[in-house]
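Next come the chains, spelled out residue by residue.
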Amino acid sequence: MAEPPSSLLSKENKLWKGVFAVIGIMSTLVIYGVLQEKLMRVPYGENKEFFKYSLFLVFCNRLTTSAVSAGALLASKKALDPVAPVYKYCLVSVTNILTTTCQYEALKYVSFPVQTLAKCAKMIPVMVRQ
């Protein structure tokens, strides 16, 4: 029995939406990585100094992310109240801030591709064990 044409178009539409989403996410992450590396490895100003305050970058990043998320929630008319108690977010939030700060600091010594490969390589022992 053949599928109706509308069902076939719907599947094709979902496929193209998925392809668009994957390409958008991957290209955004590449641009983000290139900008991160440029910010931490290129000297700026008259004295050609490197950026020193990576925690400030993390703060600006989180502030922007929170503002965009709140704007999206307000635009969709969803509640801003947290689902879980706030104290349960604390440990995850602190570790996220620490790892992002370490990521910025590591860019002073290694390139972004090396850093990404190191992050991916930590999964190899887990996959080999399977």
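Source: prediction; values computed, not measured. (Residues numbered from 1 in each chain as written. Predicted model: local features only at pLDDT ≥ 70, side-chain atom pairs only at ≥ 80, totals over all residues. Heavy atoms only, no water.)

A. Quick peek at the overall build of the chain. From N to C terminus, the chain includes 5 helices and 0 strands. Shown N-terminal to C-terminal, the secondary structure of the chain runs as helices and strands in the order α-α-α-α-α. In terms of overall size, the chain is more extended than a compact globule, its C-alpha atoms giving a radius of gyration of 21 Å where 130 residues would be expected to give roughly 14 Å. When the backbone C-alpha atoms are referred to their principal axes, the chain occupies close to 70 × 40 × 40 Å. Within the chain, buried positions represent 12% of all 130 residues. Across the chain, the fraction of contacts at a sequence separation of at least 24, relative to all contacts at a separation of at least 6, is 58%. Of the side-chain charges in the chain, 15 are positive and 7 negative, and the distance between the mean point of each set is 6 Å. (Helix = DSSP H or I, 4+ residues; strand = E, 2+ residues; numbered from the N terminus. Rg over C-alpha atoms; globule rule 2.2 N^0.38 Å. Buried < 20%, exposed > 50% of the residue type's maximum accessible area, 1.4 Å probe, protein only. Contact = heavy atoms within 4.5 Å. Lys, Arg positive; Asp, Glu negative; His and termini not counted. Charge placed at Lys NZ, Arg CZ, Asp CG, Glu CD.)

B. Spatial organisation of the packing of helix 2 (residues 54-75) against helix 3 (residues 86-106). Following both chains from N to C, one finds helix 2 and helix 3 inclined at 130°, their axes separated by 9 Å at the closest point. If you check the angle between helix 2 and helix 3, you find them oblique. The handedness of the crossing between helix 2 and helix 3 comes out as right-handed. Here Ser54, Leu55, Leu57, Val58, Asn61 and Arg62 of helix 2 come into contact with helix 3, specifically with Asn96, Ile97, Thr100, Thr101, Tyr104 and Glu105. Considered class by class, the residues forming the contact of helix 2 with helix 3 number 5 nonpolar, 5 polar and 2 charged. (Axes fitted to C-alpha atoms, helices over the stretch in contact; angles between N-to-C directions. Parallel < 35°, antiparallel > 145°, perpendicular 65-115°, else oblique. Left-handed = near helix turned anticlockwise from the far one by under 90°. Nonpolar A, V, L, I, M, F, W, Y, C, P; charged D, E, K, R; others polar.)

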